[in-house]
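# Residue-level structural notes
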Amino acid sequence: MMNYKTLLIIIAIIFLAGCEQKNLNKKILNYEMSNKYKNSGFALVYDANLKEKKKITKKIDNRSLLIFHKNLKKNSFVKITNPTNKKTIIAKVISNKAKFSDFYNCVITLRIAEELSLDLKDPYIDLVLISQNSTFVAKKAKTFKEEKYVAQKAPVDGIQIDNLGNSSFQKEDISKDKIFKYSIKIADFYYKDSAINMSDRITKETNIKNPIIIKTISNTKYRVLIGPFSDIKKLKDLFNKIKLLNFENIEILKDV
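The sections below set out a description of the structure shown in this document. (Residues numbered from 1 in each chain as written. Predicted model: local features only at pLDDT ≥ 70, side-chain atom pairs only at ≥ 80, totals over all residues. Heavy atoms only, no water.)

### What to know about the sheet that holds strand β9 (residues 221–229)
Definition in use: Between any two strands, pairing holds if DSSP finds at least two bridges. By definition, any uninterrupted DSSP run of H or I lasting at least four residues is a helix, any uninterrupted run of E lasting at least two residues is a strand, and each is numbered from the N terminus. All axes are obtained by fitting lines to C-alpha atoms, using only the stretch in contact for helices, and the reported angles, taken between N-to-C directions, cover 0 to 180 degrees.
Within the open sheet, the 4 strands sit side by side as β8-β9-β7-β10. Their pairing is antiparallel. Only two strands of the sheet have a single partner each, and these edge strands are β8 (212–218) and β10 (251–254). Ignoring which end each strand starts from, the neighbouring axes of this sheet average 40° apart. Pairing analysis gives 4 bridges linking strand β7 (residues 182–189) to β10, with the strands arranged antiparallel.

Below you can see the structure in the form of structure tokens.
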């Protein structure tokens, strides 16, 4: 029969093994986040009224190259791209504590929106985390203080921005006839059976009536999508329903 001392030793071993596994999982998650994180979706362009209407819990300087992000570490650098015109900018995560609608993948400043020539009615972006070991990030970090100083001296609606070598930022005409067409990307799977199982789970656990599509990207990549949607209200409503299932890194894809 097992004595009390032996039992305590076994419990201690199990506890330590559990702690090691948790630490290992955390390290793996951090590694994957720092090396693979990317998200396509809508950005929330900051406005002081958002704070007053309690749609966001923190303020941000609209003249800065800073963003709020819920998942990335503070002081991380990200590359933000406007897929419509391919303009890009490097921004810094100033906080991951700000609360705002999960529909938006980040909060950006008006300065960032202007530099990217974003359509404020359709602020769709691609966001990619840049490795902290990147020489480009190191170079960008050195110039951040200077950029911040320049921004603080300029009014928001009068900022002239150097965009990858251009002498000034030129606003582009945005077509009024642009078609709104977006789909929600749930995840990519290695096996088609896994994608089918995910589709079945969504059908069983929600009352979603929109078609769930399994798109073959390659022989080893099967994408689960819902959509497309032709208006942003329906897209938001369904996105919020899907979020309740706690899927990781849901994306919104354009014209799929």
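### Things to note about the sheet that holds strand β5 (residues 104–108)
An order of β1-β5-β2-β4-β3-β6 is seen for the 6 strands of this closed barrel, with the pairing classed as mixed. Along the sheet, successive strands turn relative to each other by an average axial angle of 45°, direction set aside. Across 5 bridges, strand β3 (residues 77–82) lies against strand β6 (residues 124–130) in antiparallel orientation. From the neighbouring strand, Thr-81 faces β6, where its bridge partner is Asp-126.

### Brief notes about the side chain of Lys-185
Keep this limit in mind: Type-normalised accessible area, obtained with a 1.4 Å probe on protein chains alone, sets the label of each residue: buried when under 20%, exposed when over 50%, and partly exposed for intermediate values. Each polar contact in these results corresponds to two N or O atoms within 3.5 Å; when the atoms are within protein, one needs to be able to donate a hydrogen and the other to accept it, and residues that are neighboring in sequence are counted only if both atoms are side-chain atoms. Any two residues having at least one pair of non-hydrogen atoms within 4.5 Å are treated as being in contact.
Position of Lys-185 relative to the elements: it lies in strand β7. For Lys-185, a relative accessible area of 9% corresponds to the buried category. Within the structure, the side chain of Lys-185 is placed 3.3 Å from the side chain of Asp-188, a separation counted as a polar contact. Discounting chain neighbours no more than four positions away, the residues touching Lys-185 are Arg-223, Val-224, Leu-225, Ile-250, Glu-251 and Leu-253.

### Let's talk about the pairing of β3
The side chains of a regular strand alternate between both faces of the sheet. Counting buried positions over the 6 residues of β3 gives 5, a clear majority of the element. Of the strand pairs in this sheet, β3 and strand β4 (residues 87–95) are connected by 6 bridges, and their pairing is antiparallel. The residue bridging Thr-81 from the neighbouring strand is Thr-88, located in β4. Hairpin connection from β3 to β4: 4 residues lie between these consecutive antiparallel strands, with Lys-86 at a positive phi of about 70°.

### Let's talk about helix α5 (residues 192–205)
Filter applied, for reference: Residue count minus one, scaled by 1.5 Å, sets the expected span of a helix. Working note: the arc is built from the helix axis to C-beta atom directions.
Look at α5: 20 Å from first C-alpha to last across 14 residues, which is about the 20 Å you get at 1.5 Å a residue. Looking only at α5, the buried set comprises Ala-195, Met-198, Ser-199 and Ile-202. Burial along α5 is one-sided: seen end-on, the buried residues are contained in an arc of 100°. Across α5 from its buried face, at more than 90 degrees, point the exposed residues Asp-193, Asn-197 and Lys-204.

### Let's talk about the pattern of salt bridges
Condition: Each reported salt bridge corresponds to a side-chain nitrogen of Lys or Arg within 4 Å of a carboxyl oxygen of Asp or Glu.
In total, this model carries 8 salt bridges according to the counting rule given. In this structure, the salt-bridge partner of Lys-70 is Asp-102, at a minimum N-O distance of 2.6 Å. Residue Lys-70 is found in the loop between β2 (66–68) and β3, and its partner Asp-102 is found in the loop between β4 and β5; the two are separated by 32 residues along the sequence. What makes Lys-70 partly exposed here is its relative accessible area of 30%. With its nearest N and O atoms 3.1 Å apart, the salt bridge here joins Glu-205 to Arg-201.

### Regarding unusual backbone geometry
A cis amide bond links Gly-227 with the next residue in sequence, Pro-228, at an omega value of 5°. Take Pro-228: it is sitting in strand β9. A positive phi angle, near 55°, is found at Ser-117, a position not held by glycine. If you trace the backbone, Ser-117 turns up in the loop between α3 (110–115) and β6. Although it is not a glycine, Asn-249 adopts a positive phi angle of roughly 50°. Positionally, Asn-249 belongs in the loop between α6 (232–243) and β10. In this structure Asn-249 comes out as partly exposed when scored by relative accessible area, which is 34%.

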